[in-house]
Amino acid sequence: MICGAASLWGVATTHMKRGYRYRFYPTDAQAAELSRTFGCVRKVYNMALQARTEAWTLRRERVDYNATSAMLTAWKKTEELAYLSEVSSVPLQQTLRHLQGAFGSFWAGRTKYPTFKSRKRSRKSAEYTTSGFRFRDGGLTLAKMAQPLAVVWSRPLPDGAAPTTVTVSQDAAGRWFVSLLCDDRPTMPTPVSRAVGVDAGITSLMTLSTGEKITNPRHERKDRERLARAQRDLARKAGGEGANRAKARLKVGRVHARIADRRRDFLHKLTTRLVRENQTIVIEDLTVRNMLKNRKLARAISDASWSEMRSMLEYKAHWYGREVITVDRWFPSSRLCSACGTLQDRMPLNVREWTCGCGRTHDRDVNAAINILAAGLAVTACGDGVRPQRSTPGGQSSMKQEVVPAPRTRGVSQPRG
């Protein structure tokens, strides 16, 4: 038996929901209306969360979406919360549905208990269903607004598709975005039969089993000086909600947005290329959250954004009928000779090339990618499907498998217990 969990994607779905995100430039009146809506959405979410929490802790009563919806109606009739009636009711109802979904994930054990939304740190967004907007002749008009939004249509929507949900948001840099959820049929890429193994890293963001190394652009490092300067300026501003502090906070947000935009653009291009060129992509099941506990590497790991890269690979593979396989994080890909199968006792991170007893000299990362590909194809051949992951042994950090202590050699040559 060969290690690892495998996540297998079958034939691509011919009909699915896809989001199309655009930037828009609201008028002063529209910006004020949306800002009020964001505030009301946050207020309703927090009040409903508090009501559900108190009902359970004090009276052991479960409050569902229907009950919170009735509460919202009662809140609007009070003098203190009458302002909730000034904005569209659609996003307020949607935030109650989102809260219900958060509790559903909590009860299923997928997430932690829902938390309150902060005015400063929470994402500013509002979701409108079909009753809350009008999409006609290429113009998008939201409820409570007389004029359509000035959307920059940077790419066309699918032919004949009408949005079913519209989400309006504002990021920390002050930019406004609208995301339209539409029915779509992704264009299938040219059929291929290639398979590739991917070893994630820091110096090389990806090393492929073909021997190709993709350099990590290190977007955060390039703008680190600019970010530090903006953060120092913000720290020197007086506390509170002064205009100068708001301007300094906006500058910090713009630097972060610049870094995130460049990183996302690079990852989109890279993952799209991998999915189009290969039918099967094999990756490691890295626990990035635990790896970030390493203080020396946390910043570099965050900048590499392995989790986002994996997410992109998986949903794009689902779109186009490709296959993504994940192998167990404890599979010793770096310490295993891809030529003869000999397992080395130790492989410190500073060893980038090594020679096996069989005489074969290996590049550490290329050898790991070749082994990852072989393990993933073996999982597919034996039809294991999806299997549960092992927890981290003995409280050890879930760093990449090559830094696991040498006595733990369970992997390719041994069956799982």
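Only a predicted model underlies this, so the values are computations on that prediction, with no experimental measurement involved.

Reading the values: the criteria
Residues numbered from 1 in each chain as written. Predicted model: local features only at pLDDT ≥ 70, side-chain atom pairs only at ≥ 80, totals over all residues. Heavy atoms only, no water. Helix = DSSP H or I, 4+ residues; strand = E, 2+ residues; numbered from the N terminus. Buried < 20%, exposed > 50% of the residue type's maximum accessible area, 1.4 Å probe, protein only. Contact = heavy atoms within 4.5 Å. Areas by Shrake-Rupley, 256 points an atom, 1.4 Å probe, with all protein chains shown as cover. Phe/Tyr/Trp six-rings, centres within 6.5 Å; stacked < 30°, edge-to-face > 60°. Lys NZ or Arg CZ within 6 Å of the ring centre and 35° of its normal. Expected span 1.5 Å × (residues − 1). Arc of directions from axis to C-beta. Polar contact = N/O pair within 3.5 Å; in protein donor to acceptor, adjacent residues only side chain to side chain. Pairing = 2+ DSSP bridges. Patch = residues over 30% accessible without salt bridge, like charges linked within 9 Å, V, L, I, M, F, W, Y side chains within 5 Å. Salt bridge = Lys/Arg side-chain N within 4 Å of Asp/Glu carboxyl O. Lys, Arg positive; Asp, Glu negative; His and termini not counted. Charge placed at Lys NZ, Arg CZ, Asp CG, Glu CD. Core = buried A, V, L, I, M, F, W, Y, C linked by side-chain atoms within 4.5 Å. Axes fitted to C-alpha atoms, helices over the stretch in contact; angles between N-to-C directions. pLDDT = per-residue confidence, 0-100.

Chemist: Even after reading the chapter, I still don't get the overall build of the protein, so can you show me in this structure?
Modeler: The number of helices and strands found in the protein is ten helices and 14 strands. Here the protein holds 417 residues, and 45% of them are scored as buried. Partitioning the contacts of the protein with sequence separation of at least 6, the portion at a separation of at least 24 is 73%. As displayed, the protein offers around 22200 Å² of accessible surface, 51% of which is attributable to carbon and sulfur atoms.

Chemist: Mind showing me how you'd approach the packing of aromatic side chains here?
Modeler: One pair of aromatic rings is described through two measures. These are the centre distance and the angle between the planes. Enumeration according to the criterion identifies nine aromatic pairs in this entry. Judged by centre distance (5.6 Å) and plane angle (40°), the ring pair of phenylalanine 103 and tryptophan 107 falls under tilted. Of this pair, phenylalanine 103 and tryptophan 107 both sit in helix α3 (residues 89-107), four residues apart, which is roughly one turn of that helix. Under the relative-accessibility criterion, phenylalanine 103 is labelled buried at 4%. Centroid distance tryptophan 319 to tyrosine 320: 6.2 Å. Interplanar angle 85°. Geometry classified as edge-to-face. Per residue, the accessibility class of tryptophan 319 equals that of tyrosine 320, and both read buried. Members of the aromatic cluster, connected to one another through ring pairs, are Phe103, Phe106, Trp107 and Tyr113. The ring of tryptophan 56 carries arginine 60 above its face, with NZ or CZ at 5.1 Å from the centroid. It is arginine 62 that lies over the ring of tryptophan 107; its NZ or CZ is 4.7 Å from the centre.

Chemist: Please clarify how helix α9 (residues 306-320) should be interpreted in this entry.
Modeler: Along an α-helix, residues three or four positions apart point the same way, because every turn accommodates 3.6 residues. For α9, built from 15 residues, the straight-helix expectation of 21 Å at 1.5 Å per residue is met to within 8% by its first-to-last C-alpha distance of 21 Å. Turning to α9, its buried residues number three or more, namely Trp306, Met309, Met312, Leu313, Glu314, Lys316, Ala317, Trp319 and Tyr320. Once α9 ends, the next one or two residues include glycine 321, with phi positive near 70°.

Chemist: Got a minute to help me understand helix α2 (residues 65-76) in this structure?
Modeler: Taking 1.5 Å per residue, twelve residues should reach 16 Å; α2 reaches 17 Å between its end C-alpha atoms and fits that length. Of all the residues in α2, the buried ones are Tyr65, Thr68, Ser69, Leu72 and Trp75. The buried side chains of α2 occupy one side of the element, clustering within an arc of 115° when seen end-on. Looking at where α2 begins, the residue whose side-chain oxygen comes 3.4 Å from the main-chain nitrogen of asparagine 66 is aspartate 64.

Chemist: Please clarify how the pairing of strand β9 (residues 204-208) should be interpreted in this entry.
Modeler: Where a strand is regular, its side chains alternate between the two sheet faces. Of all five residues that make up β9, five are buried, and the element is covered over most of its length. By the bridge criterion, three bridges tie strand β8 (residues 195-200) to β9 in an arrangement that is antiparallel. Bridge pairing links valine 198 to leucine 208 in β9. In this structure, β9 lies alongside strand β10 (residues 213-215), joined through three bridges in antiparallel fashion. If you follow threonine 207 over to β10, its bridge partner there is lysine 213.

Chemist: I'm lost on unusual backbone geometry in this one. Help?
Modeler: Apart from glycine, the bulk of residues carry a negative phi angle, and the bulk of peptide bonds sit in the trans form. The phi torsion at arginine 218 lies on the positive side, around 50°, for a residue other than glycine. For arginine 218, the position within the fold is in the loop between β10 and α4 (219-222). The phi dihedral of serine 305 is positive, around 55°, even though this residue is not glycine. Topologically, serine 305 is positioned in the loop between α8 (298-304) and α9.

Chemist: Would you explain a positive patch on the surface in this entry?
Modeler: A contiguous patch of positive charge on the surface is contributed by Lys237, Lys247, Lys251 and Arg254. Positionally, lysine 247 belongs in helix α6 (residues 243-277). Taking relative accessible area as the criterion, lysine 247 reaches 54% and is therefore assigned exposed.

Chemist: What exactly am I supposed to notice about the nonpolar core here?
Modeler: Buried together is how nonpolar side chains tend to be arranged in soluble globular proteins. Judged by nonpolar contacts, the single largest core of 39 residues is most densely connected at Leu34, Leu142, Val168 and Val178. Contributing elements (two or more residues each) for this core: β1 (16-24), α1 (28-59), α2, α3, β2 (124-129), β4 (139-142), β6 (165-170) and β7 (176-184). Among the elements that line this core, the one with the most residues is α1, at ten residues. If sequence neighbours within four positions are ignored, valine 178 has contacts with Tyr20, Arg21, Tyr22, Phe24, Leu140, Val151, Val166, Thr167 and Val168. Residues Leu208, Val288, Met312 and Trp319 belong to the second largest nonpolar core, which totals 28 residues.

Chemist: It is not clear to me how the sheet that holds β8 should be interpreted in this structure. Could you clarify?
Modeler: Working definition: the strands of a sheet are paired by backbone hydrogen bonds and lie parallel or antiparallel to each other. The strand order β10-β9-β8-β11-β12 describes an open sheet built from five strands, whose pairing is mixed. Whereas interior strands pair on both sides, the edge strands pair on one side only; in this sheet they are β10 and β12 (323-327). Adjacent strand axes in the sheet meet at a mean angle of 25° when their direction is disregarded. Sheet contacts for α6: β9, β10 and β11 (280-284); angle to β9, the most-contacted strand, approximately 5°. Most of the contacts of α9 go to β12, to which it runs at about 140°, and overall it touches β8, β9, β11 and β12.

Chemist: Please clarify how the confidence of the model for the protein should be interpreted in this entry.
Modeler: Parts of the model with low pLDDT should not have their predicted coordinates read in detail. Looking at the protein, pLDDT values average 85 and 88% of them are 70 or higher. Counting interchain partners and residues more than four positions distant, the pLDDT-below-50 stretch residues 385-417 has 80 contacts.

Chemist: Is there a simple way to explain the environment of alanine 230 in this structure?
Modeler: Take alanine 230: it is sitting in helix α5 (residues 224-236). Here alanine 230 falls in the buried class, since its relative accessible area comes to 11%. Distance from alanine 230 to valine 252, taken between C-alpha atoms, is 5.4 Å for residues 22 residues apart in sequence.

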